[in-house]
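The residues making up each chain are set out below.
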Amino acid sequence: MLSIALAGKPNAGKSTFYAAATMADVDVGNYPFTTIDPNRGVSHARTRCPCLDREERCGDEHCRAGKRYVPVELIDVAGLVPGAHEGRGLGNQFLDALSNADVILNVVDASGGTNEEGEPVEVGAYDPVRDVEFVEEEMDLWLAGIVDRNWETVERASRSPDFDLEAQLRDLLTGVGAGPADVAAVLRGMEYPADPKAWTDADREALARGIRRRTKPIVVVANKADVAPEGNVERLREAVDEGGLVIPATAEGELALRRAAAADLVDYDPGDDDFTVTGELSEAQERGLADVRAVIEAHGGTGVQAAIDAAVYDLLDRVTVYPVENETRWTDGQGNVLPDAHLLARGSTPVDLAYAVHSDIGDGYLHAVDAREGRRIGEDHELSEGDVVKIVSTAS
């Protein structure tokens, strides 16, 4: 399952975001280090379900009237403070928990109502742009520290006549989610000595920064946008690198809506740009939901679902593909319509889908059928968002 980690300083709203996105019970408090041990739960990316192209909706538990919710792992870990890469606060625990994450949501207090330590201050008193820079820097230096601590192993390996620097770095960096293509791409963009004994601290840091950017890309979540001073969200957008993503959000607003929906007080699906009141509300609930509606109207939603979707479909560039056993009815062996959805890297083929379903299915791959078109497709066919595919395998 694709893994998304919530990063940021204490008290920026990570645990509230996690609670809203997973509906799990977690500690949420207005003080630093509310989270001690990492919380792991299941959230969902939202996309258009292929059942909308048929007369009847699929009825799958992850489909709501054609809105398909694809499971992803969400990790909420202890907050970062300056010096985290050196172990300050709960830094090592936090950063190690990020090792296997595919993408990072940097939850920033856009209101400027918490200082660099996560302590409450007057709204607008702190510059949230500093949090964008500081989280990236702590992650880069954490990874540089891993490289430094293991560099002696690389130097020893270089004494071998068949030494391969790229292969050695692959072994070193696989634990932080770097694959062969990541290492090769970063090295291509660097100028470095062939002999690892000649590498400087700056060389190793450049390697670490490049690997972090490829393996731990970041979406900035401008949380508390509903109370942020005018201009703060725009300044955050200007602070990120070209092509970077900043999503205005109110995690508290999303949590309120999901709880109201669970209590049958409103009709709302995560990611909707509106909601309908369906139950009797107290005056306090009416005021609260009116505030949430104002945020939704201003930003097109609460931002929680939008942030997850941006991470999955924009930053990671995934496509959603649906394997079926019956290409006519779009069902599995038990007659369930579109029961499974897989998030694959763009450019993936039917063979990649077969392995995503099960390694045995991949090993026994014979051919695939495009269920929409009712025709066989080649093993090098590039799959697209919303494809429905039957895999024919000796293991089927």
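Please read all numbers here as calculations on a predicted model, not as lab measurements.

J.: Got a minute to help me understand the overall build of the protein in this structure?
T.: Secondary structure assignment for the protein yields 12 helices and 14 strands. The burial tally for the protein puts 51% of its 396 residues in the buried class. When contacts within the protein are restricted to residue pairs at least 6 apart in sequence, those whose partners lie at least 24 apart make up 68%. When the accessible area of the protein is evaluated, it comes to approximately 18,300 Å², of which 42% is carbon and sulfur surface. Averaging the locations of the 38 positively and 74 negatively charged side chains of the protein gives two centres separated by 2 Å.

J.: Help me out: how do you make sense of the environment of Pro229 in this one?
T.: Relative to the elements of secondary structure, Pro229 occurs in the loop between strand S6 (218-223) and helix H7 (232-239). Along the sequence, Pro229 and Gly79 sit 150 residues apart, while their C-alpha atoms lie 23 Å from each other. Residues in contact with Pro229, not counting those within four places in the same chain, are Ala110, Ser111, Val123 and Gly124.

J.: Honestly, the nonpolar core in this entry has me stumped. Any pointers?
T.: What tends to happen in soluble globular proteins is that the nonpolar side chains get buried as a cluster. Residues Ile4, Phe17, Leu105, Ile308, Val312 and Leu338 are the most contacted members of the largest nonpolar core, which totals 39 residues. When contributions to this core are tallied by element, the ones reaching two or more residues are strand S1 (3-7), helix H1 (14-22), strand S4 (67-76), strand S5 (103-109), S6, helix H10 (304-315) and strand S10 (318-324). Contact partners of Ile4, with chain neighbours within four places excluded, come to Val72, Glu73, Leu74, Ile75, Val103, Leu105, Ile308 and Val312. Ranked by size, the runner-up nonpolar core spans 25 residues in total, among them Ala7, Val135, Ala222 and Val246.

J.: What exactly am I supposed to notice about the pattern of salt bridges here?
T.: Side chains carrying opposite charge are able to pair once their charged atoms draw close together. In the structure shown here, the tally under the stated rule is 26 salt bridges. Two residues, Lys9 and Asp131, come together in a salt bridge whose shortest N-O distance is 3.0 Å. Of the two residues, Lys9 is situated in the loop between S1 and H1 and Asp131 in helix H3 (residues 129-157); the sequence distance between them amounts to 122 residues. Taking the shortest distance from any N to any O, the salt bridge between Arg130 and Glu116 comes out at 3.2 Å. Taken as a pair, Arg130 in helix H3 and Glu116 in the loop between S5 and H3 lie far apart in primary sequence, 14 residues in all. On the accessibility criterion, Arg130 (41% relative accessible area) is partly exposed.

J.: Honestly, the confidence of the model for the protein in this entry has me stumped. Any pointers?
T.: When pLDDT drops low, the exact placement of atoms in the prediction is not to be read closely. Mean pLDDT over the protein works out to 90, with 93% of the residues at or above the 70 mark. Mean pLDDT across the elements of the protein ranges from a minimum in helix H2 (residues 91-97), with 62, to a maximum in strand S11 (residues 342-345), with 98. Low confidence marks residues 28-36, where pLDDT is under 50. Its contacts with residues over four positions away, or in another chain, come to 26 contacts.

J.: Help me understand the pairing of S10, please; the structure alone is not making it clear to me.
T.: For a regular strand, side-chain orientation follows a simple rule: the groups alternate between the two sheet faces. Counting buried residues in S10 gives seven out of seven residues, a clear majority hidden from the surface. Residues Arg318, Thr320, Tyr322 and Val324 of S10 are buried on one face, and the alternating residues Val319, Val321 and Pro323, pointing to the opposite face, are buried as well. Pairing geometry for S10 and S11, over four bridges, is antiparallel. Its bridge partner lying in S11, Arg318 is registered against Ala345. Direction of pairing for S10 relative to strand S14 (residues 387-393): parallel, over a ladder of four bridges. Note that in S14 the partner of Pro323 across the bridge is Val389.

J.: Just to check I follow, could you spell out helix H5 (residues 180-188) for this structure?
T.: One turn of the α-helix equals 3.6 residues, which is why residues spaced by three or four share an orientation. Within H5, burial applies to Asp182, Val183, Ala184, Val186 and Leu187. Among the structural elements, helix H4 (165-173) and helix H6 (201-215) are those in contact with the buried residues of H5.

J.: I tried to follow the sheet that holds strand S12 (residues 365-370) on my own but got confused; where do I start?
T.: Think of a sheet as strands paired side by side through backbone hydrogen bonds, with each pair either parallel or antiparallel. Pairing is mixed across the open sheet formed by five strands, whose spatial order is S11-S10-S14-S12-S13. If you trace the sheet from one side to the other, it starts and ends with S11 and strand S13 (375-377), each paired once. Strand-to-strand twist in this sheet, taken as the mean axis angle between neighbours without regard to direction, amounts to 45°. Where helix H11 (residues 350-357) meets the sheet, it contacts S10, S11, S12, S13 and S14, and its direction lies at approximately 135° from that of S11.

J.: Would you explain unusual backbone geometry in this entry?
T.: Trans peptide bonds make up the majority, and among non-glycine residues the majority have a negative phi. One non-glycine residue, Asn11, lies in the positive phi region at around 70°. For Asn11, the location among the structural elements is in the loop between S1 and H1. Here Asp264, not a glycine, exhibits a phi torsion of approximately 60°, which is positive. Residue position: Asp264 is located in the loop between helix H8 (251-262) and strand S8 (266-267).

J.: Please explain the pairing of S1 as it appears in this structure.
T.: In terms of residue burial, S1 counts as a mostly covered element, since five of its five residues are buried. Burial along S1 is two-sided: the residues Ser3, Ala5 and Ala7 and Ile4 and Leu6 are all buried. Pairing of S1 with S4 involves four bridges; the strand directions are parallel. Along S4, the bridge assignment pairs Ala5 with Ile75. Here S1 runs beside S5; their pairing, made up of four bridges, is parallel. Within S5, the residue paired with Ala5 across the bridge is Ile104.

So, how was this worked out
- Residues numbered from 1 in each chain as written.
- Predicted model: local features only at pLDDT ≥ 70, side-chain atom pairs only at ≥ 80, totals over all residues.
- Heavy atoms only, no water.
- Helix = DSSP H or I, 4+ residues; strand = E, 2+ residues; numbered from the N terminus.
- Buried < 20%, exposed > 50% of the residue type's maximum accessible area, 1.4 Å probe, protein only.
- Contact = heavy atoms within 4.5 Å.
- Areas by Shrake-Rupley, 256 points an atom, 1.4 Å probe, with all protein chains shown as cover.
- Lys, Arg positive; Asp, Glu negative; His and termini not counted.
- Charge placed at Lys NZ, Arg CZ, Asp CG, Glu CD.
- Core = buried A, V, L, I, M, F, W, Y, C linked by side-chain atoms within 4.5 Å.
- Salt bridge = Lys/Arg side-chain N within 4 Å of Asp/Glu carboxyl O.
- pLDDT = per-residue confidence, 0-100.
- Pairing = 2+ DSSP bridges.
- Axes fitted to C-alpha atoms, helices over the stretch in contact; angles between N-to-C directions.

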